[in-house]
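Observations on chain architecture
The lines below spell out each chain.
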Amino acid sequence: MDKFAVCIAGAGVVGLAIAYKLASSRQFQGKDIVVVEREASFGQHTSSRNSEVIHAGIYYPTGSLKARLCVRGKALLYDHCLRHSIAHRQLGKFIVAAAAGVPALESLASLAFANGVTDLVWFDDPQLHEQEPALKASHALFSPSTGIIDSHEYMQSLLHLAQNRGVQFAPYTEITAVNRASVGFVVDTSIASGTRCVRYQFGCDFLVNCAGLDATALAGKIDGVDRSTIPQTHFCKGDYFSYQGASPFKHLIYPLPEANTQGLGIHATLDMAGQLRFGPDTEYIEKRNYHVDASKSAGFAAAIAAYFPAIEVTKLQPAYSGIRPKLAALGEPVADFIIEGSAENGVPGLVQLFGMESPGLTASLAIGELVAGDIV
Ligand SMILES: Cc1cc2nc3c(=O)[nH]c(=O)nc-3n(C[C@H](O)[C@H](O)[C@H](O)COP(=O)(O)OP(=O)(O)OC[C@H]3O[C@@H](n4cnc5c(N)ncnc54)[C@H](O)[C@@H]3O)c2cc1C
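Residues numbered from 1 in each chain as written. Predicted model: local features only at pLDDT ≥ 70, side-chain atom pairs only at ≥ 80, totals over all residues. Heavy atoms only, no water.

Considerations on the domain arrangement of the protein
Here the protein is partitioned into domain 1 (2-48 + 153-232 + 334-375) and domain 2 (93-144 + 234-326). Computed over C-alpha atoms only, the centres of domain 1 and domain 2 are separated by 32 Å. At the junction of the two partners, domain 1 supplies 11 residues and domain 2 supplies 9 residues. Notably, a salt bridge pairs K326 with E357, separated by 2.6 Å at the nearest N-O pair. In this assembly, domain 1 and domain 2 are joined by 4 residue pairs in polar contact (both at pLDDT 80 or more). Tallied by class, residues from the side of domain 1 that touches domain 2 come to 3 nonpolar, 5 polar and 3 charged. (Domains from an automatic or database assignment. Contact = heavy atoms within 4.5 Å. Salt bridge = Lys/Arg side-chain N within 4 Å of Asp/Glu carboxyl O. Polar contact = N/O pair within 3.5 Å; in protein donor to acceptor, adjacent residues only side chain to side chain. Nonpolar A, V, L, I, M, F, W, Y, C, P; charged D, E, K, R; others polar.)

As structure tokens, then:
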């Protein structure tokens, strides 16, 4: 039976960053590491269905994993982009409000400061409208360290860097069961080969479950994991609409976050080609489904009109959607990432990541660093 030092389950941005960081560590240099992915390629789910924003670290409870890993991850990510020529732009973003929203902006500014985001700048009229004439808002916080990234190019770079360090990538391979061995695990997989599926079994000393939306399902297939400790993953879909024509904005524009803490509000982001898009909204769903309902455009336009009154609903075109793997059910308070090692889950060699919603893309290298540190 083939034997690997580490098996990483899932080739989203988190799995790829963990692979790269592990393969770069002194202890795992030259060791056999495999990244196993059910789909034909990497990043086919949440990692390619997001806003592609490099977040500053403003919104998350101070001391939470989200806050710490976002701030650390942002610095690592900008550095990575510069060193490996990954397309990105540090555009900056405005969080905007009418006069009644000023106390909420002040609270956000305090939270950001406590999280180590110390570069926020207040904008009032008329400076705000000099910057963004199409905007309807009297006050704003400007975050200069927020940016955008080509997430596909970034993931490609992680995979190449990991492969250059000997990591093997196994697409079309779904983990179907994991049993414990005297040391480590025996992993059962099903490999899609044309119209057939081939079974393949291998051993590994360490297993990292970073299967995103399926992390809970995979945890349930791992022998020895106390089922009562596996958190439930709730699917919270977010749809995007692209906006035809030239962008009226030079920066990213965010309203105040939703009071229910499910999302950051329907915001305006630009991609690397300068295409403006609005989204994501929030909708809890039972089953995975990436369809964008065109009839939502009127609701989107109404929400966007609060900060962009000249919005033309006919220019909104259904674009794509992503699904947040949330640990909080509808109406529950926001939950932190869960990154648990064997000390928490009681299974030697097992690391599991749950609830890797936003800011998981921004935080990915810091998550990789943390997990590599946990295993090493
Ligand atoms: C709408 C939306 C907007 C977002 N915007 C941002 C943003 O602007 N900035 C930011 O920082 N973050 C953002 N995020 C969060 C970010 O996209 C995620 O945190 C990140 O992509 C999670 O990556 P992942 O690797 O954990 O999951 P995924 O990308 O879902 O990867 C998990 C992989 O595991 C594979 N898998 C599952 N089960 C198995 C199995 N049994 N065997 C083998 N493979 C398996 C899947 O096929 C998948 O490829 C957003 C998320 C959403 C949904």
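Points about the packing of helix α1 (residues 13-24) against helix α5 (residues 151-164)
Here α1 crosses α5 at 30 degrees, and the two axes come no closer than 8 Å. Here α1 runs over α5; the crossing is left-handed. Two secondary-structure elements touch here, α1 through V13, L16, A17, A19 and Y20 and α5 through Y154, M155, L158, L159, L161 and A162. Its residues assigned to classes, the contact of α1 with α5 comprises 11 nonpolar, no polar and no charged. (Axes fitted to C-alpha atoms, helices over the stretch in contact; angles between N-to-C directions. Helix = DSSP H or I, 4+ residues; strand = E, 2+ residues; numbered from the N terminus. Left-handed = near helix turned anticlockwise from the far one by under 90°.)

A few points about the packing of aromatic side chains
If you walk through the whole model with that rule in mind, you get 13 aromatic pairs. Residues Y240 and Y320 carry aromatic rings whose centres are separated by 4.4 Å and whose planes lie at 15 degrees to one another, so their mutual orientation is stacked. Separated by 80 residues along the polypeptide, Y240 in strand β13 (residues 234-243) and Y320 in strand β18 (residues 316-326) bring together distant segments of the chain. Both residues of the pair, Y240 and Y320, count as buried. Connected via pairs of aromatic rings, a cluster forms that spans Y243, F249, F278 and F308. The aromatic ring of Y254 is capped on one face by K93, whose charged end is 3.6 Å from the ring centroid. (Phe/Tyr/Trp six-rings, centres within 6.5 Å; stacked < 30°, edge-to-face > 60°. Buried < 20%, exposed > 50% of the residue type's maximum accessible area, 1.4 Å probe, protein only. Lys NZ or Arg CZ within 6 Å of the ring centre and 35° of its normal.)

A word on the state of the cysteines
Applying the stated criterion to the full structure yields 0 disulfides. In this structure C197 is not part of a disulfide, and its nearest cysteine sulfur, from C7, lies 18 Å away. Of all cysteine sulfurs, the one in C7 lies closest to C210, which takes part in no disulfide; the gap is 8.9 Å. (Disulfide = S-S within 2.5 Å.)

Regarding the pairing of β18
Across the 11 residues of β18, 8 count as buried, placing the element largely inside the fold. As paired strands, β13 and β18 are joined by 10 bridges and run antiparallel to one another. From the neighbouring strand, F241 faces β18, where its bridge partner is P318. (Pairing = 2+ DSSP bridges.)

Digging into the sheet that holds strand β3 (residues 53-54)
Reading across the sheet, the 3 strands line up as β3-β8-β4 and stay open at both edges, with antiparallel pairing between neighbours. On the outer flanks of this sheet lie β3 and β4 (88-89), each paired with one strand and no other. Pairing between β3 and strand β8 (residues 147-149): 2 bridges, direction antiparallel. Across the sheet, I54 pairs through a bridge with G147, a residue of β8.

Some thoughts on the side chain of T146
You can see T146 is positioned in the loop between β7 (139-143) and β8. Within the structure, the side chain of T146 is placed 2.7 Å from the side chain of S143, a separation counted as a polar contact. Once you skip the residues sitting within four places of it in the chain, T146 turns out to touch V53, I54, A56, Y78, Q90, L91, G92, K93 and L252.

Re the site of the ligand
Near the ligand, the surroundings consist of 37 residues, among which E37, S47, V53, M356 and T362 are the closest. Within the contact set of the ligand, a nitrogen atom lies 3.0 Å away from a backbone nitrogen or oxygen of I175. Between E357 and the ligand, the recorded distance is 2.9 Å, taken from a backbone N or O atom to an oxygen atom. When the free accessible area of the ligand is taken as 1,000 Å², the share hidden by the protein chains comes to 98%. Elements supplying a minimum of two residues to the shell around the ligand: α1, β10 (173-180), β18 and α9 (360-375). Classifying every residue of the shell around the ligand gives 14 nonpolar, 14 polar and 9 charged. (Near = heavy atom within 4 Å. Areas by Shrake-Rupley, 256 points an atom, 1.4 Å probe, with all protein chains shown as cover.)

Topic: the pairing of strand β16 (residues 276-279)
The side-chain alternation of β16 yields two buried faces, one formed by L276 and F278 and the other by R277 and G279. Note that strand β15 (residues 267-270) and β16 share 4 bridges and pair antiparallel. Pairing of T269 across the sheet is with R277, part of β16. Where β15 folds back on β16, the antiparallel hairpin that results is connected by 5 residues, among which G274 adopts a positive phi of roughly 90 degrees.

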